[in-house]
Each structure stands twice: as C-alpha cells, then as structure tokens.
Amino acid sequence: MDEVTALQAATLAEIAAAATTDELEAIRIKVVGKSGSLTGYLRSMNQVAPEERAEVGKTVNIARNQIESALEAQKKALAGAELEARMQADALDITLPGRAQQMGTRHLINRITDEIAEVFMGIGYSVATGPEVETDYYNFEALNAPADHPSRSMQDTFYVRDLSGDTTNVKGESDVLLRTQTSGVQVHAMEDQELPIYIIAPGKVYRRDVADPSHLPQFNQIEGLVVDKGITFGDLKGTLDYFCKQMFGEERKTRFRAHYFPFTEPSAEVDVSCGICHGEGCRFCKGTGWLEILGCGMVDPNVLRYSGIDPEVYSGFAFGVGVERVACLKYNVPDLRMLLEGDMRFLRQF
C-alpha cells in the first residue's frame, strides 16, 4: 500500500510537470497502460493475503482513478494550449489584399492595327488580306520594280525554295519569297475586285534588317490603295492628314516631302509634327520638330496597266505605314524592340 501511495504521488507530480500531450501519453502508458506499473499491482492481487486484499484493492483503485482524472484534466489543458499555438502559427491575416489574377489584354501592336483599320473603315475603306509567302511578280514586278532594284537582292529580301517546277531553286533569288510589303495585296485587289477600289491591307512583312531602335526584320504594315475616277494628289493629302489627326490628335500637323518609290509617281514621305516639343525641336525629333511616319504617292500608270486598268480613265493613290512606328510615335516609345521583348511591366502601361 505504501508503494502504491508513493507511485500515485510521483505520477501526479509527473502529470503536473508534463509540457505536451505526447509526454502525457508516455506517462499514461508507463503507469496505467496494459504493462504499466499500477496495472501490475492489480494483476498481482492473488499474491496478497486474503484478509488484506480488499484494502489493497481499494487503495490501488483510488490511485488509478486519481491518476486517470489528472491525466484527463491535464490533457484538456495541454490540448487547448497546443491548439492555440497552432492557430497563432497558421494565422491568416484577412486584412491583406488578395492576389487577383491579372486580366489579359490585346498586345499594343494588335490594338494599333485595329485603331488604324477603324479610322479608314470609318471613311468607307474595306480590309483586304493576302499571303505572306508571295511570288516575285506580285511583290516586285507588278509594282514596277526594275530587275536591278536593290530591294530584290538577297541582302534585302528573304527568298524561299521554289518547289513549283521540276527543279528547286536553293541558292540565290527565286520566284518565291517572304513578302517585303503588303503591296502585293493591292495588286491582287486590282486584278480581282471591281472598280472603284478603296482598301487597306494590314499584315506582317519581312526584310533582312538588323534589329535596332528603328528597324525590325519582321514587322507589321498597313498599306492603303484607292483607284477611282478623278483621284488627285489633293485627295491623298486630305486622307493622310485626316488619318494623322485621328491617330495622334487634332493639333498635330502633317508635312509632305518629295521622295521616290518605283510604284508611285509622284511620291512623297509624310512627316507628323513632334508630340513632345510640338514642333519646336527636341532630342526625340532630332531638333527638326517633325517625325517621319509613312510613304505615299499617286499610283504609277504602269502599275495600273499591269492589272489591266486603263490609266487614262482611272487614277489612284497608295500609302504604307508601319504599325510599330505608329505605336512608338503615339506613345513616345524610343525603341521598336521594346514592343517585342515581352516585358509585362512595359506592356501593361498600355
């Protein structure tokens, strides 16, 4: 009985000192488990004298009840503390802003293409498309480009293997190429559509340029073509002046400079007044107050004849503008390559 009382006191002290539920479980197994020390006394009752069994059994049961009660009470206390600790460790601060999924938007180049198309569709133009792999005839010959024109050399044009004949042209120029301009779409339109023609031709074009702040080997172009009776250079100037004001603002001015293109005569380069210095001259416009934006001109009579149109009855004008250049001029972006680098910090500004 003295041993049971001493075991009870020692066990209650261990229970009170236990810091975790795992320690408490170890005490329970050691004392009142199947092989525990207190359980051992109950199993050895047959060794106690018959006249003392009742008293010894009572003492063991009292000790067992008190130990189990103490274990239960301490377990509840420790479990509550451990739960509170886990809650503190895993706490979620609901005052923090959530992480919302970024909404996607159209790329700036596609948006500018759509804006340009909307300007011209608003004044009666339609959109025409054509193949990016074109023949030499539609890309050069039908546009009045002479055979020795520099643009037809391998240094300026991407030629591809011509598989249309019995032999393939592997080296040098062939009759198949990646279009250098969307002007071929204009030739197809003059051959296939009824007159009059008012179209724009957007699409990718390819040139053997080294990428730098103002050039790309692949870029997007929009060309326009008008063929009708009585079309004059004044119609061309009015159309492009309207386009520039719609794209860049009513305060912007346009300037036409004489130039040469094999498929138009007369030809001109069009400048728009600088939006940063308002024509006063700054680093962006190199002190001139003007920024070059596109090329244009009256359709050469030879180009009309190639498509079976009588230049004595019909006349027209054509123009071509780079979409990336318009985007850079509209938003004062100094380098065309920035549009294609995929830097979302830059693209999300637009």
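What counts, and at which threshold
- Residues numbered from 1 in each chain as written.
- Predicted model: local features only at pLDDT ≥ 70, side-chain atom pairs only at ≥ 80, totals over all residues.
- Heavy atoms only, no water.
- Helix = DSSP H or I, 4+ residues; strand = E, 2+ residues; numbered from the N terminus.
- Contact = heavy atoms within 4.5 Å.
- Lys, Arg positive; Asp, Glu negative; His and termini not counted.
- Charge placed at Lys NZ, Arg CZ, Asp CG, Glu CD.
- Salt bridge = Lys/Arg side-chain N within 4 Å of Asp/Glu carboxyl O.
- Buried < 20%, exposed > 50% of the residue type's maximum accessible area, 1.4 Å probe, protein only.
- Expected span 1.5 Å × (residues − 1).
- Arc of directions from axis to C-beta.
- Polar contact = N/O pair within 3.5 Å; in protein donor to acceptor, adjacent residues only side chain to side chain.
- Pairing = 2+ DSSP bridges.
- Axes fitted to C-alpha atoms, helices over the stretch in contact; angles between N-to-C directions.
- pLDDT = per-residue confidence, 0-100.
- Phe/Tyr/Trp six-rings, centres within 6.5 Å; stacked < 30°, edge-to-face > 60°.
- Parallel < 35°, antiparallel > 145°, perpendicular 65-115°, else oblique.
- Left-handed = near helix turned anticlockwise from the far one by under 90°.

Draft legend 1. Structural view of the overall build of the protein chain. A tally of helices and strands in the protein chain yields eleven helices and nine strands. Along the first, second and third principal axes, the C-alpha set of the protein chain runs to 140 × 60 × 35 Å. Counting contacts in the protein chain only where the partners sit at least 6 residues apart, residues at least 24 apart contribute 63% of the total. In the protein chain, which carries 35 positive and 51 negative side-chain charges, the distance between the mean positions of the two groups comes to 6 Å.

Draft legend 2. Region of interest: the pattern of salt bridges. Scanning the entire structure with this criterion turns up ten salt bridges. With a shortest N-O distance of 2.9 Å, Glu14 and Lys30 are connected by a salt bridge. A residue pair is termed long-range when its members are at least 10 positions apart, and Glu14 in helix H1 (residues 2-17) and Lys30 in helix H2 (residues 21-32) qualify at 16 residues. Put simply, Glu25 and Arg28 hold a salt bridge, and the shortest N to O gap is 2.8 Å. Residue Glu25 and its partner Arg28 are located together in helix H2, separated by three residues, close to a single helical turn. Judged by relative accessible area, Arg28 falls into the partly exposed class, the value being 34%. Residues joined by salt bridges that share partners form a network here, namely Arg255, Arg257, Asp271 and Glu292.

Draft legend 3. The arrangement of unusual backbone geometry in detail. Note that the residue after Leu195, namely Pro196, is joined by a cis bond; omega there is 0°. Inspection of the secondary structure assignment puts Pro196 in the loop between helix H7 (183-192) and strand E4 (197-206). Phi at Asn144 is positive, roughly 70°, even though this residue is not glycine. Its location among the elements puts Asn144 in the loop between helix H6 (136-139) and strand E3 (176-178). A relative accessible area of 22% places Asn144 in the partly exposed class. Of note, the phi angle at Asn332 is positive, near 55°, even though the residue is not glycine. Within the element layout of this structure, Asn332 appears in the loop between helix H10 (323-331) and helix H11 (344-347).

Draft legend 4. Examining H2 more closely. Spanning twelve residues, H2 covers 16 Å between terminal C-alpha atoms, matching the ideal 16 Å at 1.5 Å per step. Those residues of H2 that fall on the buried side of the exposure criterion are Leu24, Ile27, Val31 and Val32. The buried residues of H2 all sit within an arc of 85° when viewed along its axis, so they share a single face.

Draft legend 5. A look at the side chain of Thr180. You can see Thr180 is positioned in the loop between E3 and H7. Among the polar contacts listed, one links the side chain of Thr180 to the side chain of Asn139, at a separation of 3.0 Å. In this structure Thr180 touches Asn139, Phe140, Thr157, Val205, Tyr206 and Arg207, once residues within four positions along its chain are discounted.

Draft legend 6. Quick peek at the sheet that holds strand E1 (residues 126-127). Strands sit in the order E1-E4-E5-E9-E8-E7-E6 across an open sheet of seven strands; the sheet is mixed. The open sheet terminates on both sides in strands that have one partner only, identified here as E1 and strand E6 (254-261). Pairing of strand E5 (residues 218-228) with strand E9 (residues 315-322) involves eight bridges; the strand directions are antiparallel. Paired with Ile222 across the bridge in E9 is Val321. Contacting E4, E5 and E9, H7 crosses the sheet at an angle of about 30° to E5.

Draft legend 7. How the structure looks around the confidence of the model for the protein chain. Per-chain confidence: the protein chain averages 86 in pLDDT, with 96% of residues scoring 70 or above. Between the elements of the protein chain, mean pLDDT differs from a low of 72, seen in helix H3 (residues 37-43), to a high of 96, seen in E1.

Draft legend 8. Geometry of the environment of Met338. Considering the arrangement of structural elements, one finds Met338 in the loop between H10 and H11. Taking the C-alpha atoms as reference points, Met338 and Val32, 306 residues apart in sequence, are found 76 Å from one another.

Draft legend 9. Quick look at the packing of aromatic side chains. Within this structure, the stated rule accounts for eleven aromatic pairs. Here Tyr125 and Tyr198 contribute two aromatic rings whose centre-to-centre distance is 5.8 Å and whose plane-to-plane angle is 85°, an arrangement assigned as edge-to-face. Here the residue Tyr125 occupies a position in the loop between helix H5 (108-121) and E1, and Tyr198 occupies one in strand E4, the gap between them amounting to 73 residues. These aromatic residues form a ring-pair network of at least three members: Phe120, Tyr125, Tyr198, Phe243, Phe317 and Phe319.

Draft legend 10. View of the packing of H5 against helix H8 (residues 233-248). Look at H5 against H8: their axes get within 10 Å of each other, and the N-to-C directions meet at 135°. As summarised for this structure, H5 and H8 are arranged oblique, according to the angle between their axes. Viewed along their axes, H5 and H8 form a crossing whose handedness is right-handed. Of the residues in H8, those in contact with Ile112, Glu115, Ile116, Val119 and Phe120 of H5 are Thr239, Tyr242, Phe243, Gln246 and Met247.

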